[in-house]
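# Architecture and fold: a report
So you can see what is in the structure, the chains are spelled out below.
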Amino acid sequence: MDKHIKKLFGGINLTWPKLMTAAVIAGVFTAVMALIPGLHYTSFHTITVTFEVWILFGVLIIMNSQSNLDAALKCFVFFLISQPLVYLIQVPFSRLGWQLFGYYQYWFIWTLLCFPMGFIGYYMKKDKWWGYFILLPMIALTATSFLTYFSDFQFSMPRYILIVLFCACAMILYPVAIFRNKKIRAVGAAIGAAAVVILTVFRLLNPPVYSADFMGSNEEHPFDDSYTVYLADARYGDVSIRYEKAVEDYFVHADFKRAGDTVLTMISPSGEKTEYDIHVERDTYEVKKKS
């Protein structure tokens, strides 16, 4: 194993001042990633919403701790400092203000769980097979992120490629970096690699689709199912006009297949053409009528 990786996973003198400094840096970095609009829908924004990078932080703390209690306390304190800081820094810039801390409740539950997880996780250092089973839930959570972000990568290429590669490498390399037993390392790496392949094939066979109903018929742009609609670039998806019984109105229905910008054209039975600029993201869209 590379000596730098070996030092990272067990060769650091993780003092309390170092831990608290790292917690502040992690909190500030995450808040900045959340505040920069240009980083939304990119790999850099994922640290603000999902676990995969925070799992790495937890593993590094555990592997550089001196006892079960030391690992439990340091994991707990690291997240107790970093997570509230993420929200505190965002408060002055958010329209929600202090209400933003309502989202912290979810992360606070996980912060409390860091104590028992750190205590149990320390047993990975015993270099036994049961230590690998302690690691498996963390690999499973990382696999969940891989599945999510590979789908986002398919929809928004080349965005999300960095977090996809991070998750894939973590699933394969955690056993190699954590354990010294060659059999555990080999089996762990093989299981991680197999999971990456299986999840990748699954996503390739089930590409992402973002479905939305928008542009209801109204006085400004009345239409019904006698109108024709299409996208200038069919790679972005399929559109049609549907009648929604619940609201008794017609809507444009879209099954978007990729992020980006295209033009939606609507043609009336008399041949009158109206065009709309559409910007598509993985879970949102913007429609603006061409002037």
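These figures come from a predicted structure and were not determined experimentally.

This part is about the nonpolar core. Among the nonpolar cores identified, the biggest contains 55 residues, and Phe9, Phe78, Met124, Leu135, Phe146, Tyr174 and Ile178 are the most heavily contacted of them. Broken down by element, this core gets its largest block of residues, 10 residues, from helix α6 (residues 129-156). What methionine 124 contacts, discounting residues up to four positions off in sequence, is Ile62, Gly131, Ile134, Leu135, Met138, Ile178 and Phe179. Core analysis: the second largest hydrophobic core is formed by 20 residues, Ala212, Phe223, Ala254 and Met266 among them.

Along the chain, histidine 253 falls in strand β4 (residues 249-256). Only 2.7 Å separates the side chain of histidine 253 from the side chain of aspartate 213, close enough to count as a polar contact. Polar contacts involving the side chain of histidine 253 include one to the side chain of aspartate 255, which spans 3.1 Å.

If you trace the four strands from one edge of the open sheet to the other, you get β2-β5-β6-β7, paired in antiparallel fashion. Each edge of the open sheet carries a strand with a single partner, namely β2 (228-231) and β7 (285-289). Each strand axis lies, on average, 25 degrees off the axis of its neighbour in the sheet, ignoring direction. One ladder, built from eight bridges, connects strand β5 (residues 260-267) with strand β6 (residues 273-280); its direction is antiparallel. In the strand pairing of β6, isoleucine 267 is matched with lysine 273.

What follows is about the sheet that holds β4. Spatial ordering of the open sheet is given by β1-β4-β3, a layout of three strands whose pairing is antiparallel. The open sheet terminates on both sides in strands that have one partner only, identified here as β1 (210-214) and β3 (237-244). Taking the axes of each pair of neighbouring strands and ignoring which way they run, one obtains an average angle of 25 degrees across the sheet. Two strands pair when backbone bridges link them, and β3 and β4 are joined in this way by eight bridges, in the antiparallel orientation. Bridged to glycine 237 within β4 is phenylalanine 256.

Let us look at the pattern of salt bridges. Within the structure shown, the criterion is met by six salt bridges. Note that aspartate 70 and lysine 74 form a salt bridge whose closest N and O atoms lie 3.2 Å from each other. Linking aspartate 70 with lysine 74, this pair stays in helix α4 (residues 68-90), spanning four residues, or about one helical turn. Residue aspartate 70 shares its accessibility class with lysine 74, and that shared class is buried. As a salt-bridge pair, aspartate 152 and arginine 282 come within 3.1 Å of each other at their nearest N and O atoms. Of the two residues, aspartate 152 is situated in helix α6 and arginine 282 in the loop between β6 and β7; the sequence distance between them amounts to 130 residues.

Conventions and cut-offs
- Residues numbered from 1 in each chain as written.
- Predicted model: local features only at pLDDT ≥ 70, side-chain atom pairs only at ≥ 80, totals over all residues.
- Heavy atoms only, no water.
- Core = buried A, V, L, I, M, F, W, Y, C linked by side-chain atoms within 4.5 Å.
- Buried < 20%, exposed > 50% of the residue type's maximum accessible area, 1.4 Å probe, protein only.
- Helix = DSSP H or I, 4+ residues; strand = E, 2+ residues; numbered from the N terminus.
- Contact = heavy atoms within 4.5 Å.
- Polar contact = N/O pair within 3.5 Å; in protein donor to acceptor, adjacent residues only side chain to side chain.
- Pairing = 2+ DSSP bridges.
- Axes fitted to C-alpha atoms, helices over the stretch in contact; angles between N-to-C directions.
- Salt bridge = Lys/Arg side-chain N within 4 Å of Asp/Glu carboxyl O.

Don't take any of this as a statement about function, it's just geometry.
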